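Architecture at a glance
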Amino acid sequence: MFGIIFRQELRVLSGNRTWWAILGLLVLLTVAAALNGKARFEQMSATAAKLNQDEATTQTALKNSVQRYDANPVGDPPSVASPGNVGLSILGHYAVMRHDPLAPLSVGQSDVQPFYYRVTAHPSHTFLSASEIQNPLSQMTGSFDVAFVMIFVLPILIIAVSFDLMSREKEGGVLGLIAAQGVTLRTLILAKVAARALILVSLLLALVILSAVLVGAPFTPPVMTQLALWFAVIVGYAAFWFALAFLVNAMALPSVTNGVILANVWLLFVVVVPSIVNVVASTLYPAPSRVELTTEIREATEEADKEAASAREAYLFDHPELAGASAGAMDGFYIQVLATDAAVEKVVTPIMAEFEAQAEKREGVVALLQYTSPAIAAQQALNALVGTGNERFTDFVGQVLKFHGDWRGFFTGRIIKGQRLTAADFDAIPAFNYQAPGLTLAQGMAWGPIVFLLIAAVLLSAWAARRYRRYPVV
Amino acid sequence: MLASIAKKELVSALRDGRVMWSAAIFALMLVAALASAAQRYADISKEREAAQSIVNTQWQNQGEKNPHAAAHYGVYAFKPVTPLSFFDTGVSGFTGVSIWLEAHKQNFAEGEPARDATAIARFGELTGAFTLQMLLPLLVILLGFAAFAGEREQGTLRQVLAMGVSPVKLLFGKALGAAGAAGLFVVPVFLLGLIGLTLAPGGSAFIGHALVLVGVYTVYAAIFLFLTLAVSAAADSSRSALVIMVAFWAVSSVALPKVAADAARLVYATPTTVEFQKAIAADMENGIGGKTLDALVAERKEQTLRLYKTDAIEKLPINFQGIVLGLQEQVSNAVFDKHFGLLNGAFDKQKGVFEALTVLSPRLAVQMASMELAETSLGTHIGFAGQAETFRRSMIDTMNKAMTMNSTGANPDYRAGPELWAKVGAFTYTHQPLSKLLAGLGPSFMAMLLWLAASIVAGVLAARKLKALAS
């Protein structure tokens, strides 16, 4: 009997214009979102490519001038042979994060968190606060990406096709007739939901694959795994909304009331709960004040500068280049700069650690409270899987800090020892090598939401199935 | 007649559990949002004021120094907050809160709060503006979707029309009733908000802004009310009226702003930070008016030597180094003006895309107007940065002049002290007067009024064609 109703539903749907319109809309939005995400990330890749070019050119130019002196060391070494001048003033190294190939599907935090930093031998807070120029209006609004279509739009489409599945039959007066055929209501509604879910899930599978193709992701095994899990999250999310509609239909209320209830639940889970969870997380573990950080850094700088005042004066108040100093003479200035840096860093390091600790606790709260809303759970998983969640950027900053240590060590060692840079040294300057974290981190974050969404869907369906036993047919 | 229709509508709304629950939750959220705004305003305004005063004291007490050393030390400008900026946080999560004002550089504001937030913040912050923009329309839809279609389904519409009630009167009566029901919940919250605002320190200066905001959100609700009534009158069932209105709300309020953001970004590209800085560096090399800095310095050197009738810089009674620094600022200021001008111009064009799309989304129009009135728009931020930059330039100029005049060959160990630091004064942000804010709101207000007019016309047309029976 299930089979008969199921096939009948498929036939009915194939001739239903609203149904086709909804599917068409989903396809259209997904394709547009994928292309839009692709455009955004192409811009970022283009930026990244240029960063590396510029840096190589500068480094080669420096090396060449030092090489000329190496070949013919007459007089004082040029200022570009000063490790202080190069490491603390001229040269910086762009540490660039590589995005995952699927990142365009979910822009996540990648429009807020920088994907590159210009590392110098100064303390890390001096370059970590830099950010990319962006219109804050666009950042506030957020990006139109595939994850948005799935989290915000998909539930509305699901509600639109399922809010009156049962109530409509009842209002049409055919429910009694059907029941008289010996069909249980559970079989009837299950067949109806199954027909819709089957078509929609097949379409979603096609759309997820199509989006991956559109954003130009290569189908390597890790990408396929990511994509499979991404799809699993979406299926779990869709199943949740279908199950909810299934349950609301089981309440035997009028169609219109079903619609109102489902619209309100959507609002609750997609708009209200996330904004409340956000307040909870940021109230429990607020970030330390950046305003206070600013004034404290200043206090420390001023204190340190007072000690170094006489030295600074000899270099025309931070203009050693105007003093016409050679490499050797310049390093005297940079030793003072290092001393100031060290004093400032002493103040900044504990505050930065506090930022990090609070952020970690905040994300911990979110990891727990994500289960208060399927939309949050889906968002966290969809971001994590394509590497655009905060955890990915925290990992990147960690790698940058480690690299910063190497870079700094290279220059400060030479500054303190008073060694000048040789051409060979320029080849030995450390370079940043981004290591994309393995899939385990992302998968760990995705399994929770996937299991949660599926369990929620099953529980809601089971509850609904019980209620259908007592559903009044007239 | 109008009154009795309105009364009937109000009573039936009050008896509808669905509506009452939704309205109560909505009012509760609005109160929570306003309370949290008051709390945050109290905390953050205190913090910013304290920071600004610490920085000002640091500047004043920096001891005796060469003026150029002081210029490098500089000061910070902290963006002040207003009570309304927590009613609608606008773009303030994504703009920096302080700017370092130092020699040679026009810096960007730093410390964007969004970087310290979790990804959930991207769903939207719980503010009064967010609650009103997202939830108020839905409440209005709930109140109105069954107004005509529901009565038609119950068969009462036939009776009412048979009594000779004009359908247009019916429309306005129902609108009045629904507005009354919504008002029962919203008006007390608005009053509460206004009282809170007068009590907040410095809040009374923004009562005018708040009243305009009340007007903006009232018009917003009215737009949705008349649209809903129009759809309810024209739709074949209350079910399809509900679906159509929820779909319209979702597309225009949730999806369209994002489309606007991405379209703006794709149509009018802004430079990356690196490109921006490279372009500035290149223009610094090129100089201004076809003259490089070196050429300008050489020219000025010659003039100065001629003026003082001497042949060497060392013999000048003034410090030529100070003049060079001044020329440097002159070049860099012109270059900054050009590039920040280009960037802000691009932002302005991007804003134009948002404004153009207000034709498709009443929420977008309200959002733009609301941010502007709460002084949390991008324009306000650029205005703050501009005032800070003006202050920076005058500060650096004061330092350079002091150096030129005092740090001379006769007095090579010249040190400036508190008298010079005091000359610079303290940075204070001047708020735009309300009249000026309103003038900038033309496009948004126009869009809102067009929407209102169109929705009323749609309501009247649909009411005139009202069918008593379902076809």
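As shown above, the structure is provided for reference.
Residues numbered from 1 in each chain as written. Chains lettered and ligands numbered in written order. Predicted model: local features only at pLDDT ≥ 70, side-chain atom pairs only at ≥ 80, totals over all residues. Heavy atoms only, no water.

**Re the overall build of chain A**
Along chain A, the regular secondary structure elements total 18 helices and 2 strands. For chain A, whose C-alpha radius of gyration is 30 Å, the value lies well above the compact-globule estimate of 23 Å for 474 residues. Counting only C-alpha atoms, chain A reaches 105 × 40 × 35 Å along its principal axes. Here chain A, with 474 residues, has 54% of them falling under the buried criterion. (Helix = DSSP H or I, 4+ residues; strand = E, 2+ residues; numbered from the N terminus. Rg over C-alpha atoms; globule rule 2.2 N^0.38 Å. Buried < 20%, exposed > 50% of the residue type's maximum accessible area, 1.4 Å probe, protein only.)

**A closer look at a negative patch on the surface**
A contiguous patch of negative charge, built from E292, E296, E299 and E303 of chain A, is present on the exposed surface. Tracing the chain through its elements places E296 of chain A in helix α12 (residues 290-307). (Patch = residues over 30% accessible without salt bridge, like charges linked within 9 Å, V, L, I, M, F, W, Y side chains within 5 Å. Areas by Shrake-Rupley, 256 points an atom, 1.4 Å probe, with all protein chains shown as cover. Salt bridge = Lys/Arg side-chain N within 4 Å of Asp/Glu carboxyl O. Lys, Arg positive; Asp, Glu negative; His and termini not counted. Charge placed at Lys NZ, Arg CZ, Asp CG, Glu CD.)

**Description of the nonpolar core**
Soluble globular proteins tend to pack their nonpolar side chains together in the buried interior. Ranked by size, the top nonpolar core spans 182 residues in total, and within it W230, W241 and W266 of chain A together with W249 of chain B carry the most contacts. With 43 residues, the next largest nonpolar core counts L51, L91, V337 and W407 of chain A among its residues. (Core = buried A, V, L, I, M, F, W, Y, C linked by side-chain atoms within 4.5 Å.)

**A word on the packing of helix α12 (residues 320-357) of chain B against helix α14 (residues 378-406) of chain B**
Residues and elements named next belong to chain B. The interhelical angle for the contact between α12 and α14, taken along N-to-C directions, is 170 degrees, at an axis separation of 9 Å. Considering the angle they form, α12 stands roughly antiparallel to α14. Seen from α12, the contacting residues are Q321, G322, I323, L325, G326, E329, N333, F336, D337, N344 and F347; seen from α14, they are L378, I382, E389, R392, R393, I396, N400, M403 and T404. (Axes fitted to C-alpha atoms, helices over the stretch in contact; angles between N-to-C directions. Parallel < 35°, antiparallel > 145°, perpendicular 65-115°, else oblique. Contact = heavy atoms within 4.5 Å.)

**A short note on the interface of chain B and chain A**
Facing 85 residues of chain B, the contacting portion of chain A comprises 86 residues. Summing both partners gives a buried area of about 7300 Å² for chain B against chain A, and 62% of it is carried by carbon and sulfur. On the chain B side of the contact with chain A, R115, F123 and R239 of chain B bury the most area, a combined 12% of that side's loss. The interface formed by chain B and chain A contains 5 salt bridges. With a shortest N-O distance of 2.8 Å, D116 of chain B and R290 of chain A are connected by a salt bridge. Class assignment of the residues belonging to the side of chain B that touches chain A gives a composition of 47 nonpolar, 21 polar and 17 charged. (Buried area = accessible area lost by both parts, 1.4 Å probe. Nonpolar A, V, L, I, M, F, W, Y, C, P; charged D, E, K, R; others polar.)

**A closer look at the environment of R122 of chain B**
The topology assignment puts R122 of chain B in the loop between β3 (105-106) and α4 (128-144). As a C-alpha pair, R122 of chain B and I382 of chain B span 260 residues in sequence and 23 Å in three-dimensional space. With near-sequence residues (within four places) excluded, R122 of chain B lies in contact with G108, Q109, D111, V112, Q139, G142 and Q379 of chain A together with F94 of chain B. A polar side-chain atom of R122 of chain B sits 3.2 Å from a polar atom in the side chain of Q109 of chain A. (Polar contact = N/O pair within 3.5 Å; in protein donor to acceptor, adjacent residues only side chain to side chain.)

**Examining the packing of aromatic side chains**
For the coordinates displayed, the defined rule picks out 40 aromatic pairs over all chains. Plain terms: the ring middles of Y94 of chain A and Y116 of chain A are 5.8 Å apart, the flat faces sit at 75 degrees to each other, and that makes the pair edge-to-face. Of the two residues, Y94 of chain A is situated in strand β1 (residues 93-96) and Y116 of chain A in strand β2 (residues 116-119); the sequence distance between them amounts to 22 residues. Accessibility expressed as a relative area gives 14% for Y94 of chain A, which makes it buried. Summarising the aromatic geometry, the rings of F336 of chain B and F340 of chain B are spaced 6.3 Å apart at their centres and angled 75 degrees between planes, so their arrangement reads as edge-to-face. A residue pair is termed a helical-turn pair when its members lie 3 or 4 positions apart in one helix, as F336 of chain B and F340 of chain B do in helix α12 at 4 residues. Comparing F336 of chain B with F340 of chain B shows no difference in burial state: the two are buried. Ring pairing ties together the aromatic residues Y117, F396, F403, W407, F410, F411, F432 and Y434 of chain A, which thus form one cluster. Positioned above the aromatic ring of Y73 of chain B is the side chain of R298 of chain A, whose terminal nitrogen or guanidinium carbon lies 3.9 Å from the ring centre. Directly above the ring of Y73 of chain B sits K65 of chain B, whose terminal nitrogen or CZ lies 4.2 Å from the centroid. (Phe/Tyr/Trp six-rings, centres within 6.5 Å; stacked < 30°, edge-to-face > 60°. Lys NZ or Arg CZ within 6 Å of the ring centre and 35° of its normal.)

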